[in-house]
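Each chain, letter by letter, is given below.
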Amino acid sequence: MASLLRRGTGGGDVVVGVLASIGAVALVSVVIGVLDQWAPVLGLGSLYVFAVLPIAIGWGLAYALPVAVASMLVFNWLFLPPTHTFHLREGENWLVLVLYLVVAVVTSELAARARRRARYAEQREREAALLAAVASSLLGGGAVTDELDGIATRAAAVLGVAHAWIALGDEVTTLPGAAGFPLRVDGRNVGTLSTPPPGPADGAVVRRFLPALASLLAVAIDREQLEREVLEAEALRRSDAIKTNVLRAVSHDLRSPLTAIAAAAGGLDSPGLQLDESDRSALVDTIVVETARLDRMVRDLLDLSRLEAGAADPLRELWSVDEIVGAALDQLQDEGGTVVDVPADLPPVMVDAGHAHRILVNLLENAHRHAGADGHVRIVATPRGETVVIRVSDDGPGIPEADVEAVFQPFWRSAAGGLTGLGLAIARGFAEENGGSLSADATEGGATLVLTLPATPPAASPP
Amino acid sequence: MVDDEPQILRALTTNLRGAGYEVATAASVAEALAEAAMRPPDAVILDLLLPDGNGTDVCRELRRWSDVPVIVLSAVGDETEKVAALDAGADDYVTKPFGIDELLARLRASLRRATHATEPVVRLGDLVVDLEKRLVLVRGEPVQLTPHEYEMLALFARNVGKLLTHPTILREVWGPGYGDESHYLHVYISQLRRKIEAEPTRPRYLLTEPGAGYRLVEPS
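This is a predicted model, so every value here is computed, not measured.

Undergrad: Whenever I open this one, the pattern of salt bridges confuses me. Can you help?
TA: Where charged atoms of side chains with opposite charge meet at close range, the side chains can pair. In this structure the tally under the stated criterion is 27 salt bridges over all chains. Its salt-bridge partner being Arg293(A), residue Glu5(B) comes within 2.9 Å of it at the nearest N-O pair. Here the residue Glu5(B) occupies a position in the segment before α1 (6-18), and Arg293(A) occupies one in helix α9 (residues 277-308), the pair thus bridging two chains. For Asp441(A), the salt bridge identified is with Arg391(A), shortest N-O distance 3.0 Å. With Asp441(A) in strand β9 (residues 437-441) and Arg391(A) in strand β8 (residues 387-394), this pair connects stretches of sequence that are 50 residues apart. Exposure remark for Asp441(A): the relative accessible area of 25% places this residue in the partly exposed category.

What follows is the structure in structure tokens.
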């Protein structure tokens, strides 16, 4: 009975309500029939209140009134003489029946009213609880879209419908075959709440609850929008700052070889200067060296922009580490200045040969630059799991712990004045493009750059 | 000659020697100051960006004990640093990449200013500034200048060919409390130009160095 009482007044409830009404009248009639042997029957009529009252509480006056009338008729038919007729032998019994009816109606109305109040209070409480929960989850930093399903489920409970869906957006987007309710606040459409037709039975709830939900959602959406804008502005500002740095550094770095070339060419071209043969060949040499440097810088810039645009497109094949290291030493015209330790039994690496070549050339150039004229550079390769680790170390000033990531930024400038240029940034870009990695070790007495390259072909991935 | 780029150092040194100068080189702030202290040079050519500091530091340090002319090598993007170096006492600058003839011309002008004390009467084309009689003649005609205009022109006349920065001019003419009011200066300069230039919009004597200052020159 308790579970029946809690049920709302939906379509299927009519049958249940009628059955419950009939059952209640029948039950009380049976009880009166039993008690009839010990008590005057007229007094027992008031027991029908126990049929009317639960029905009034559970289903309201619409059910309680018929139950009251039916109880009166059944009582008359079954118990008041002459029984099995609706006639009454004694006139005053009519008065009793009428009084009984009045009592039943008043009681049931009072009960129904209390029930309505309780239900209304419960409803308001549910709405308030939901709004509070929504507010704390949205304003506590949760993403609106992540919370939407949870909010919809709770809103369905508040609205007394089986399901609800919330779609955000200015346009009212109702799912096909569903009842849609715009979530409006200050003339702005925040989104749409859809429920299975015909929608919530209680219009007052919709009018009261949806605007509150809408304004909460609006606040959360606005806050998210603002946060996004702040983040975007910050990202833009940062990338702008990096671009400015790169531009400054590039214009500075390009100008150095240009200045040397202009000065050397200007000197060769100047009839007023007294230059002997060795002066002239020194100036020509400057032009040759600095032209090559300019060319390398332009190529580095192109590589970096290709890497940043994700257009490096590695052509990965199996290569022996011997061959890649050998080619890099060859390009640097290294004749024993670098200690090489590449074991013969290393597995081949799966890389783009051109990219691997650039990585190693840049790492070795960087190591030699920091080791200085009398410094030592080592290149050591070891297998590790399904990768080969190549360590390039020098005995220069080393990299401070705090800077092991920063050295990979284009044109990063250390506190000590060291300039990395683009070499390490490009080396890392190519390493990652080939499924490997490049990091720096903060070790005492020199820097070590650790290159990891994949040694086995990557498992074929489904298309 | 101070630069940390070995190839620039080599090319410029070769050219300067070819032009008849003796050249000592330095590649850092420390080396430059040590070299200048041990063998005081007649002029310093100074790169702004050095591994252990910048050219402005060298300028400021040098100026504590030396009036040696300093020419700064600057690059686009180093404008603030360039102006700082000029304020710290550098005499002139050239912007990278520069022609070797331009550098040699600036060097000659700086050396000339350093070795010749200013004559009491400065003659530049049709412009005569008599610093003793406080008299200014344009094409032989005396010109009426306000006291500030005259002080400014006299400052330029004592530093013919030298780039004077806005703060320097403001400090020298208006006093030590001034230095940031460059908009006053633009107005005074244009008034001065109206009095001494034939065509104030195309000045021949008083030239603007954008973003740095002004320079009084012999008209070409």
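Now that the structure has been shown, we can carry on.
Undergrad: Even after reading the chapter, I still don't get the side chain of Glu149(B), so can you show me in this structure?
TA: With respect to the helices and strands, the residue Glu149(B) is situated in helix α6 (residues 147-158). Filtering out sequence-adjacent residues up to four positions away, Glu149(B) remains in contact with Tyr188(B), Gln191(B), Leu192(B) and Lys195(B).

Undergrad: In this structure, what is going on with the packing of helix α2 (residues 29-38) of chain B against helix α3 (residues 55-63) of chain B? I would like to understand it.
TA: The axes of two packed helices give the description: the angle between them and the distance between them. All names here are of chain B. Running from N to C, α2 and α3 point in directions that differ by 25 degrees, and their axes come no closer than 10 Å. Considering their axes alone, α2 and α3 lie roughly parallel with respect to each other. Read as a crossing pair, α2 and α3 show a hand that is right-handed. Residues Val29, Ala32, Leu33 and Ala36 of α2 form the contact with α3, whose own contacting residues are Val58, Glu61 and Leu62.

Undergrad: Which parts of the structure should I look at to understand the packing of helix α4 (residues 49-59) of chain A against helix α6 (residues 92-139) of chain A?
TA: Residue and element names in this part refer to chain A. Close contact between α4 and α6 brings their axes to 8 Å; oriented N to C, the two are set at 30 degrees. Compared by their axis directions, α4 and α6 come out roughly parallel. The handedness of the crossing between α4 and α6 is right-handed. When α4 is examined against α6, the residues Val49, Val52, Leu53, Ala56, Ile57 and Gly58 are found in contact with a partner set consisting of Tyr100, Ala104, Thr107, Ser108, Ala111, Ala112, Arg115 and Arg119. Along the lines of polarity and charge, the residues of the contact of α4 with α6 split into nine nonpolar, three polar and two charged.

Undergrad: I'm lost on the interface of chain A and chain B in this one. Help?
TA: Interfaces are often sized by the accessible area lost when the parts come together. With 29 residues of chain A at the interface, the matching set in chain B holds 22 residues. For the pairing of chain A and chain B, the buried interface totals around 2,000 Å² over both sides, and the portion due to carbon and sulfur atoms is 58%. The three residues of chain A that bury the most area against chain B are His252(A), Arg255(A) and Thr259(A), which together make up 27% of that side's buried surface. When residues in the side of chain A that touches chain B are grouped by element, the largest group, 13 residues, is from helix α8 (residues 203-269) of chain A. Each residue belonging to the side of chain A that touches chain B can be placed in one class, and the counts come to eleven nonpolar, eleven polar and seven charged.

Rules of the game
Residues numbered from 1 in each chain as written. Chains lettered and ligands numbered in written order. Predicted model: local features only at pLDDT ≥ 70, side-chain atom pairs only at ≥ 80, totals over all residues. Heavy atoms only, no water. Salt bridge = Lys/Arg side-chain N within 4 Å of Asp/Glu carboxyl O. Helix = DSSP H or I, 4+ residues; strand = E, 2+ residues; numbered from the N terminus. Buried < 20%, exposed > 50% of the residue type's maximum accessible area, 1.4 Å probe, protein only. Contact = heavy atoms within 4.5 Å. Axes fitted to C-alpha atoms, helices over the stretch in contact; angles between N-to-C directions. Parallel < 35°, antiparallel > 145°, perpendicular 65-115°, else oblique. Left-handed = near helix turned anticlockwise from the far one by under 90°. Nonpolar A, V, L, I, M, F, W, Y, C, P; charged D, E, K, R; others polar. Buried area = accessible area lost by both parts, 1.4 Å probe.

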